[in-house]
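# Summary of structural features
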Amino acid sequence: MMFSINMQHISKRFGNLRANDGVNFSVQQGEIHALVGENGAGKSTLMNILYGIHQPDEGSILLNENLVKLETPARAISFGIGMVHQHFMLIPSLTVTENIILGNELTSMLGFINSSEAERTIEQLSDRYRLPVNPRARVESLSVGQQQRVELLKLLYRNAEILILDEPTPVLTPQEVEELFHTLNNFKSMGKTVILITHKLSEVMAISNSVTVMRRGKVVTRVDTVSTSQIELARLMVGHDVEFRTVKTSPPSSMPVLVVEGVSAQSDRHLPAVRNLSLSIAGGEILGIAAIEGNGQSELIQVITGLRKPTAGKVVIKGQEYLSSRHHPPVSHIPEDRGKQGLVLDFTISENLILGRHQEKNFSGLFRLFNEKVESNAKQLIQVYDIRPPTKHLRVRNLSGGNQQKVIIARELSKNAPVIVANHPTRGLDIWAIEFVHSSLLRERTNGKAILLVSSDLEELLKLSDRIAVMYEGEIVTIVEAKNTTERELGIYMTGAVKRGA
Amino acid sequence: MFDSLISFAFLSQTLRISIPYALPAIGGTFSERGGVANIALEGILLIAAFATTVGTFWSNDPLIGICCGVGAGMVTAFLHGIISVTLKADQIVSGIAINLLAIGVTKFSCQLIFNSSSNSARIVGMEKWNFPSSIPLLENPFVAGTVVVLIIAHVVLFRTRFGLRLRSVGEHPAAAESLGINVSRVRHAGVLISGVLAGAGGAWLAIDQHSFTDGMSAGRGFIALAALIIGKWTPLGAAGACLLFGCAESISIQLQSSFHGLQFIQLIPYIITMFVLAGFIGRSIPPATIGIPYEKEKH
Ligand SMILES: Nc1ncnc2c1ncn2[C@@H]1O[C@H](COP(=O)(O)OP(=O)(O)O)[C@@H](O)[C@H]1O
Ligand SMILES: [Mg+2]
């Protein structure tokens, strides 16, 4: 079968927003095609249209020169199109087999599911494409890398010839990325077509045959990978030259500001999450934590910020112990989930800028808020941190992700606490916002703060940290100097395969 | 006294009492597994009991009455489905509205048909089955029917294509839809099943009592709801919990006849039940999207 995709003049509006604006997109059969662009450029929207989830307002889709209407995913599947979404579409409480066969179940008469047959088919597929996974395991017990294999098997089970992968790599370790790329090349050699969405340009160069660059809902260019470069792609993605200024200066002082001693803590499900963990961070030092999701890093942060009671151990900040005490530890916390933990989305900018500080004598008396003080605080911070639009009374929900993050950073850093805890501070932000976050953290480092940085972006950890601690199953496997290590090495420790030093 | 507790009469009384808990609880499991909270079970019981009474009264055939009850249950559940699945209104509000509506509609119609807003005329009951005579407990067709329903429900939910799809739309509708499953159709089916089974429960109430009385569901729909939660959203678990409630009620009836005037004795079995459940069952985790309407374009 010859499959080639040709999407013509596709437009899609969400309210007033043009997510796709006259997009032309084409892919040849048997190639790996990269679709790149900053967050919000419209990549997922375009692929959701190709997969029948969204209907375009205008434009047409041709598969093998034939005009098709893709009204539903079921229809797209019947044309051999399959998609792995940015956020996995797996049902945690079901087994691998159930997840794979769902919607395409082999049944006997009366609708009984023939699960042994399904398991056999899945085992064959996973042998053939080298995607090992236990078909009887529940998905909730699998690692992220394994879950991704299940997603790929879902497509293969449906005989997909065109495989769309929406930003598959940020959640993977470098080793898992390598394996994934190996699999994708495998698909290519079997004649399948792969569309890979990413905004990591090194990945584009490493694996793709051709690239489409999108910016603000439009296609900027489509080129063969061999005839372009990372720098050119970056320029096309952003729309102008990109120049990174962030540089680290001054080594840390030696005085420990944050000391964590023998801390153990349980997860929400009452399983041990942090095991007898100790670390210390000096003033003017950034300690990075590298770990695969779910290895106790979130619980550790919650203990340090006073949100979770440890079962053992203590947290000492500037010589004073904070443990299950009623006082909030003096920590600036940039939380993992902006919308849920960092902000009240339906409050205004000025209200969000005093969240958690509203009881300070500056801002409130016994019965009321001092509105003038709240407003002048907002005015000042909006200016200093360049929050846009600079409208104090705007609801935070209406800000872009980058500006929401600025509100959090402005509030937290203006507390002037000796310790800063940043959890995935740049997740989902565009290049400029990332740059802002990085330079803010480095400035605070220069100001002598002790900074704990958790991030799944190893590049970011290597760039900002002085030392990097790798956590695995609640313990620190090793602590390395950032300048003496590589993504690869960190990735190996993150899987818990080796212990070093410690 | 204690030998009376394990007597045949006690067992059959326990089963009889458990039926109007177990049928709606098993039915509710289907609705909730699909992601639709169904507190309308109470109202469905009541409406079905009334429809059964009217059907039996007019036809003098309890089978026709039961069909009317089941049909009325289905229609009421369909209403809940339209409101909460198709129109995506709040499922709890819809349930409350249906429960209130049920009280009003049955009272009003009872007045129209039987000239009394609180009682219907007496209706004929069901004959005992001769089959299978070797298992005397099953001679009540409703008891036998409930056992069959229970087994079928378990198999359907965990072994069939429909069951898998139902569970998937309750846990992660976007994932189900991305595999080509029509989320609202599957959810509607789950709600309709709850209507059929709760309707059968209501039919039993009327047949067992040989009449309809105002408010005769008496909170059973809510107990069924509690039972399905205690049973961790599985038909077997829900039925087990209902049996426990039925047993507790049965004990309290026995004890009352032994110790006259000690009202608090009625409480003891329930208190024991609660402790047993709190102690042994542990936390139950509901279907992930229960109570949340599915909006297509949101991802
Ligand atoms: N279902 C939706 N409803 C409203 N707006 C949406 C929806 N999906 C995407 N958008 C908006 O469309 C724009 C493009 O989004 P998306 O295609 O997800 O970008 P990308 O995948 O390139 O990051 C964004 O501004 C996003 O907020
Ligand atoms: Mg996207």
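The text that follows walks through the structure, step by step, so that each part is easy to find. (Residues numbered from 1 in each chain as written. Chains lettered and ligands numbered in written order. Predicted model: local features only at pLDDT ≥ 70, side-chain atom pairs only at ≥ 80, totals over all residues. Heavy atoms only, no water.)

## Points about the overall build of chain B
Each helix and strand counted, chain B has 12 helices and zero strands in total. When the helices and strands of chain B are placed in sequence order, the string is α-α-α-α-α-α-α-α-α-α-α-α. Evaluated residue by residue, chain B yields a buried proportion of 50% over its 299 residues. Counted over contacts in chain B with a minimum sequence separation of 6, partners at least 24 positions apart contribute 78%. Per element, the accessible surface of chain B, about 13400 Å² overall, is 69% carbon and sulfur. (Helix = DSSP H or I, 4+ residues; strand = E, 2+ residues; numbered from the N terminus. Buried < 20%, exposed > 50% of the residue type's maximum accessible area, 1.4 Å probe, protein only. Contact = heavy atoms within 4.5 Å. Areas by Shrake-Rupley, 256 points an atom, 1.4 Å probe, with all protein chains shown as cover.)

## Thoughts on the sheet that holds strand β1 (residues 5-14) of chain A
Residue and element names in this part refer to chain A. With antiparallel pairing, the four strands of this open sheet are ordered in space as β2-β1-β4-β5. At either margin of the open sheet sits one strand with a lone partner, and together these are β2 (17-27) and β5 (66-68). Ignoring strand direction, the axes of neighbouring strands in this sheet form an average angle of 30 degrees. Helix-sheet contacts for helix α1 (residues 43-50) involve β1, β2 and β4 (58-63), and the interaxial angle to β1 is about 115 degrees. (Pairing = 2+ DSSP bridges. Axes fitted to C-alpha atoms, helices over the stretch in contact; angles between N-to-C directions.)

## Focus: helix α3 (residues 41-59) of chain B
Spacing of three or four residues puts side chains on the same side of an α-helix, whose turn is 3.6 residues. A rise of 1.5 Å per residue sets the reference length of α3 of chain B, with its 19 residues, at 27 Å; its end C-alpha atoms lie 26 Å apart and thus fit the reference within 8%. Positive phi appears at Asn 60 of chain B, one or two residues downstream of α3 of chain B, with a value of about 60 degrees. (Expected span 1.5 Å × (residues − 1).)

## A short note on the coordination of the magnesium ion (ligand 2)
All names here are of chain A. The protein atoms that coordinate the magnesium ion (ligand 2) are Ser 44 (OG) and Gln 86 (OE1), at distances of 2.1 to 2.5 Å. A residue pair is termed long-range when its members are at least 10 positions apart, and Ser 44 in helix α1 and Gln 86 in the loop between β6 (81-84) and α3 (96-101) qualify at 42 residues. Residue Ser 44 is classed as partly exposed on the basis of its relative accessible area of 22%. Note on Gln 86: relative accessible area 30%, which makes it partly exposed. (Donors = N, O, S within 2.8 Å, 3.2 Å for Na, K, Ca; no water.)

## A few points about the pairing of β1 of chain A
Residues and elements named next belong to chain A. As paired elements, β1 and β4 share five bridges and run antiparallel to each other. Paired with Gln 8 across the bridge in β4 is Ser 60. As paired elements, β1 and β2 share seven bridges and run antiparallel to each other. Across the sheet, Asn 6 pairs through a bridge with Ser 26, a residue of β2. Hairpin geometry of β1 and β2 is characterised by an intervening segment of two residues between the two adjacent antiparallel strands and by a positive phi of about 60 degrees at Gly 15.

## Concerning the interface of chain A and chain B
Taken together, the contact pairs 29 residues of chain A with 20 residues of chain B. Counting the surface lost from both chain A and chain B, the interface buries some 2000 Å², and carbon and sulfur atoms represent 64% of this. Taken together, the connections running from chain A to chain B amount to two salt bridges. Arg 165 of chain B serves as the salt-bridge partner of Glu 105 of chain A, at 2.8 Å between the closest nitrogen and oxygen. Counting across the chain A and chain B interface gives seven residue pairs in polar contact (both at pLDDT 80 or more). (Buried area = accessible area lost by both parts, 1.4 Å probe. Salt bridge = Lys/Arg side-chain N within 4 Å of Asp/Glu carboxyl O. Polar contact = N/O pair within 3.5 Å; in protein donor to acceptor, adjacent residues only side chain to side chain.)

## Some points on the layout of surface pockets
Considering only enclosed or pocket space, the second largest pocket measures out at about 1100 Å³ in volume. Considering the residues around the second largest pocket, the lining is formed by 33 residues, among which Ser 93, Leu 94, Arg 138 and Glu 140 of chain A together with Arg 33 of chain B are closest to the centre. At the level of elements, α3 and α4 (115-128) of chain A together with α6 (141-159) and α7 (161-171) of chain B are the ones that each hand at least two residues to the lining of the second largest pocket. Each of domain 1 (3-238) and domain 2 (255-330 + 418-502) of chain A accounts for three or more of the residues forming the lining of the second largest pocket. (1 Å grid on protein atoms, 1.4 Å probe; cavity = no way out; pocket = protein on both sides within 12 Å on 5 of 7 lines; lining within 4 Å. Points joined across faces, edges and corners; volume = space filled by probe spheres on them. Domains from an automatic or database assignment.)

## Thoughts on the packing of aromatic side chains
Considering all chains together, one arrives at seven aromatic pairs over all chains under this definition. Plain terms: the ring middles of Phe 50 of chain B and Phe 212 of chain B are 5.1 Å apart, the flat faces sit at 80 degrees to each other, and that makes the pair edge-to-face. Separated by 162 residues along the polypeptide, Phe 50 of chain B in helix α3 and Phe 212 of chain B in the loop between α9 (183-209) and α10 (220-230) bring together distant segments of the chain. Ring geometry for Phe 57 of chain B against Phe 114 of chain B: centres 5.0 Å apart, planes inclined by 70 degrees, an arrangement best described as edge-to-face. Of this pair, Phe 57 of chain B sits in helix α3 while Phe 114 of chain B sits in helix α5 (residues 91-114), and the two are 57 residues apart along the sequence. Looking at Phe 57 of chain B, the relative accessible area reads 34%, which means it is partly exposed. Owing to a relative accessible area of 12%, Phe 114 of chain B belongs among the buried residues under this scheme. An aromatic cluster of three or more residues is present, and its members are Phe 50, Phe 57, Phe 114 and Phe 212 of chain B. The ring of Phe 436 of chain A has Lys 406 of chain A lying over it, and the distance from NZ or CZ to the ring centre is 5.0 Å. (Phe/Tyr/Trp six-rings, centres within 6.5 Å; stacked < 30°, edge-to-face > 60°. Lys NZ or Arg CZ within 6 Å of the ring centre and 35° of its normal.)

## Side note on the nonpolar core
Within soluble globular proteins, side chains that are nonpolar tend to cluster in buried spots. All names here are of chain A. Among the nonpolar cores identified, the biggest contains 57 residues, and Val 96, Leu 153, Leu 165, Leu 184 and Phe 187 are the most heavily contacted of them. Counting residues per element, this core draws most heavily on helix α5 (residues 144-157), at six residues. Beyond its immediate stretch of four places on either side in the chain, Leu 165 contacts Val 84, Leu 152, Leu 180, Leu 184, Val 194, Ile 195, Leu 196 and Ile 197. Counting residues in hydrophobic clusters, the runner-up holds 39 residues, among them Tyr 385, Val 396, Leu 458 and Met 494. (Core = buried A, V, L, I, M, F, W, Y, C linked by side-chain atoms within 4.5 Å.)

## Structural notes on the pattern of salt bridges
Residues and elements named next belong to chain A. Per the stated rule, a full pass over the model turns up 26 salt bridges over all chains. Between Glu 151 and Lys 154 there is a salt bridge, with the nearest N and O atoms lying 3.2 Å from each other. Of this pair, Glu 151 and Lys 154 both sit in helix α5, three residues apart, which is roughly one turn of that helix. On the basis of relative accessibility, which here comes to 1%, the residue Glu 151 falls in the buried class. You can call Lys 154 buried: its relative accessible area is 3%. Across the pair Asp 386 and Arg 388 runs a salt bridge, and its minimum N-O distance is 2.9 Å. When salt bridges with common partners are traced through the structure, they connect Arg 18, Asp 21 and Lys 218 into a single cluster.

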